[in-house]
Amino acid sequence: MNRIPVIIDTDPGHDDAIALMMALASKELDIRGITIVAGNNTIENNTNNALRLLEHFGRDIKVYRGAGRPLVQIQELPEDIHGKSGMDGTSLPDLCQGKPEAINAVQFMENELKATTERIKIIAIGPLTNIATLLAAAPEVRDRIDEIVIMGGAALGGNKTPTSEFNIWQDPEAAHIVFSSGIPLTMCGLDVTYKSSLTEADVARIKAIGNKASTLTGEILDFYGHAIALRGNQGIAVHDAVAVAKILRPELFTSALYNVVIDLDGRYTRGCTVTDLDDVTKAHKNVEVVLDVDRSAFVDYMVEALTALTEEVKPHA
Ligand code: RIB
Ligand code: CA
């Protein structure tokens with residue numbers, strides 16, 4: 001089977017962790033590396049969270065530190081959602097043996113994209129700072145990127161402001177660089193991630209799997225679910241898991257091409273992914289926007305992936 005080469009750019013982050021577990025479980029993905037960006041917490045904590053998760057499942061996938069702050073926007077860590085560590089509430093050991101690689105995320109992405117014989121998909125589930133920096137530093141790699149599947153934005157609404165979703169809001173300039181790059185983009189925004197929300201019965205089903213992945217996911221959902229419920233959310237939107245599922249089970253989703261631009265100047269709308277649903281601008285349709293999902297099939301797939309995620313026991317050195 002030809003595996004899909006991917007780089008995962010992430011700010012773990014509770015929902016990032018579930019997305020990463022689903023990616024680790026898949027035999028269809030060739031994960032070339034995991035690049036870290038500040039967002040849900042600091043670059044240090046997000047990097048440590050990724051290393052702890054990979055060690056927990058005995059995976060040797062390389063981790064690369066990226067941007068510690070947005071290009072322009074003031075950094076604002078959502079500690080009310082993800083806690084002081086960025087992944088509070090889990091039994092993951094605080095310390096791990098793993099260390100990030102010596103080169104940074106952008107250098108890794110440039111090297112990998114220049115060296116690969118296949119075009120690579122980027123799964124972007126945090127602010128787009130690393131990817132924008134890559135495109136600024138090495139624009140020639142653009143054609144080596146097969147697609148960027150983004151968890152971010154929303155055709156309608158927002159979760160950081162009434163019009164803006166956190167990943168885009170946290171670095172709108174970076175989002176503008178990516179959304180105007182001409183690279184094939186798929187936007188898994190709040191429109192579809194809220195529709196993918198887990199119910200209490202779904203959470204019980206995941207906890208009942210009874211393996212290491214389900215135990216950790218149960219802890220994540222308990223902490224993260226409580227935090228977002230305090231904001232009045234019905235159900236638990238595991239936003240980032242949708243981006244991974246969109247690549248691995250595209251048939252579960254409904255999407256179409258629209259023109260999307262990033263608002264950089266609005267007093268109330270900065271960071272909005274302005275989506276031309278009615279094609280009033282007749283502008284180039286630059287983004288595949290995902291608007292709907294077969295929710296129960298998505299949950300079935302999440303359960304299937306978490307059930308399949310086993311710990312790889314490394315041979316004794
Ligand atoms: O708005 C949801 C997004 O912001 C998710 O990627 C979550 O992890 C946070 O980064
Ligand atoms: Ca994220």
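Definitions and cut-offs
- Residues numbered from 1 in each chain as written.
- Chains lettered and ligands numbered in written order.
- Predicted model: local features only at pLDDT ≥ 70, side-chain atom pairs only at ≥ 80, totals over all residues.
- Heavy atoms only, no water.
- Near = heavy atom within 4 Å.
- Polar contact = N/O pair within 3.5 Å; in protein donor to acceptor, adjacent residues only side chain to side chain.
- Areas by Shrake-Rupley, 256 points an atom, 1.4 Å probe, with all protein chains shown as cover.
- 1 Å grid on protein atoms, 1.4 Å probe; cavity = no way out; pocket = protein on both sides within 12 Å on 5 of 7 lines; lining within 4 Å.
- Sits in = over half its atoms within 2 Å of the grid points.
- Helix = DSSP H or I, 4+ residues; strand = E, 2+ residues; numbered from the N terminus.
- Nonpolar A, V, L, I, M, F, W, Y, C, P; charged D, E, K, R; others polar.
- Phe/Tyr/Trp six-rings, centres within 6.5 Å; stacked < 30°, edge-to-face > 60°.
- Buried < 20%, exposed > 50% of the residue type's maximum accessible area, 1.4 Å probe, protein only.
- Lys NZ or Arg CZ within 6 Å of the ring centre and 35° of its normal.
- Donors = N, O, S within 2.8 Å, 3.2 Å for Na, K, Ca; no water.
- Pairing = 2+ DSSP bridges.
- Axes fitted to C-alpha atoms, helices over the stretch in contact; angles between N-to-C directions.
- Parallel < 35°, antiparallel > 145°, perpendicular 65-115°, else oblique.
- Left-handed = near helix turned anticlockwise from the far one by under 90°.
- Contact = heavy atoms within 4.5 Å.

Caption draft 1: Quick look at the site of ligand 1. Inspection of the region around ligand 1 gives Asp11, Asp15, Asp16, Asn40, Ile125, Met151, Asn159, Glu165, Phe166, Asn167, His239 and Asp240 as its neighbouring residues. At a separation of 2.8 Å, an oxygen atom of ligand 1 approaches a polar side-chain atom of Asn159. Here Asp240 contributes a side-chain N or O atom positioned 2.6 Å from an oxygen atom of ligand 1. When ligand 1 is considered free in solution it has 280 Å² of accessible area, and contact with the protein chains removes 96% of it. Mapping ligand 1 onto the cavity grids shows that it belongs to the largest pocket. Sorting the residues of the shell around ligand 1 by element identifies helix 1 (14–25), helix 6 (166–170) and helix 11 (239–248) as the ones contributing at least two each. Taken together, the residues of the shell around ligand 1 sort by class into three nonpolar, four polar and five charged.

Caption draft 2: Looking closely at the packing of aromatic side chains. Following the criterion strictly, the structure yields three aromatic pairs and no others. Each ring, one from Phe166 and one from Trp169, has its centre 6.2 Å from the other, and the planes form 35°; the classification is tilted. Here Phe166 pairs with Trp169, and both are found in helix 6, just three residues apart, close to one helical turn. This pair shows no difference in class: Phe166 is buried, exactly as Trp169 is. Ring plane angle 70° and centroid distance 6.4 Å describe the contact between Phe253 and Phe298, whose orientation is recorded as edge-to-face. Of the two residues, Phe253 is situated in strand 7 (residues 253–258) and Phe298 in helix 12 (residues 295–308); the sequence distance between them amounts to 45 residues. Each member of the pair Phe253 and Phe298 is classed as buried. Its end group placed over the ring of Trp169, Lys160 keeps NZ or CZ at 4.9 Å from the ring centre.

Caption draft 3: The coordination of the calcium ion (ligand 2), seen in detail. Coordination of the calcium ion (ligand 2) by the protein is provided by Asp11 (OD), Asp16 (OD), Asp16 (OD), Ile125 (O) and Asp240 (OD), with metal-donor distances spanning 2.2 to 2.6 Å. Between consecutive donors of the calcium ion (ligand 2), the numbers of intervening residues give the motif D-x4-D-x108-I-x114-D. Of this pair, Asp11 sits in the loop between strand 1 (4–10) and helix 1 while Asp240 sits in helix 11; the two residues are 229 residues apart in sequence, bridging distant segments of the chain. A relative accessible area of 1% places Asp11 in the buried class. Judged by relative accessible area, which is 1%, Asp240 ranks as buried.

Caption draft 4: Representation of the sheet that holds strand 1. Across the sheet, which stays open at both edges, the eight strands sit in the order 3-2-1-4-5-6-10-7 with mixed pairing between neighbours. On the outer flanks of this sheet lie strand 3 (63–65) and strand 7, each paired with one strand and no other. For this sheet, the mean inter-axis angle between neighbouring strands, taken without regard to orientation, is 25°.

Caption draft 5: Structural view of unusual backbone geometry. Phi at Asp279 is positive, roughly 55°, even though this residue is not glycine. The topology assignment puts Asp279 in the loop between strand 9 (273–275) and strand 10 (287–293).

Caption draft 6: How the structure looks around the environment of Ala115. Structurally, Ala115 is set in helix 4 (residues 105–115). Along the primary structure Ala115 and Ile247 are separated by 132 residues, whereas in three dimensions their C-alpha atoms are 23 Å apart.

Caption draft 7: Quick peek at the packing of helix 5 (residues 129–137) against helix 7 (residues 172–179). Across the interface, helix 5 lies against helix 7 with an axial gap of 8 Å and an inter-helix angle of 55°. In terms of orientation, helix 5 and helix 7 fall into the oblique class. When you trace helix 5 past helix 7, the crossing you get is left-handed. Here helix 5 contributes Thr129, Ile131, Ala132 and Leu135 to the contact with helix 7, which in turn contributes Ala174, Ile177 and Val178. Its residues assigned to classes, the contact of helix 5 with helix 7 shows six nonpolar, one polar and no charged.

None of this, on its own, says anything about what the molecule does.
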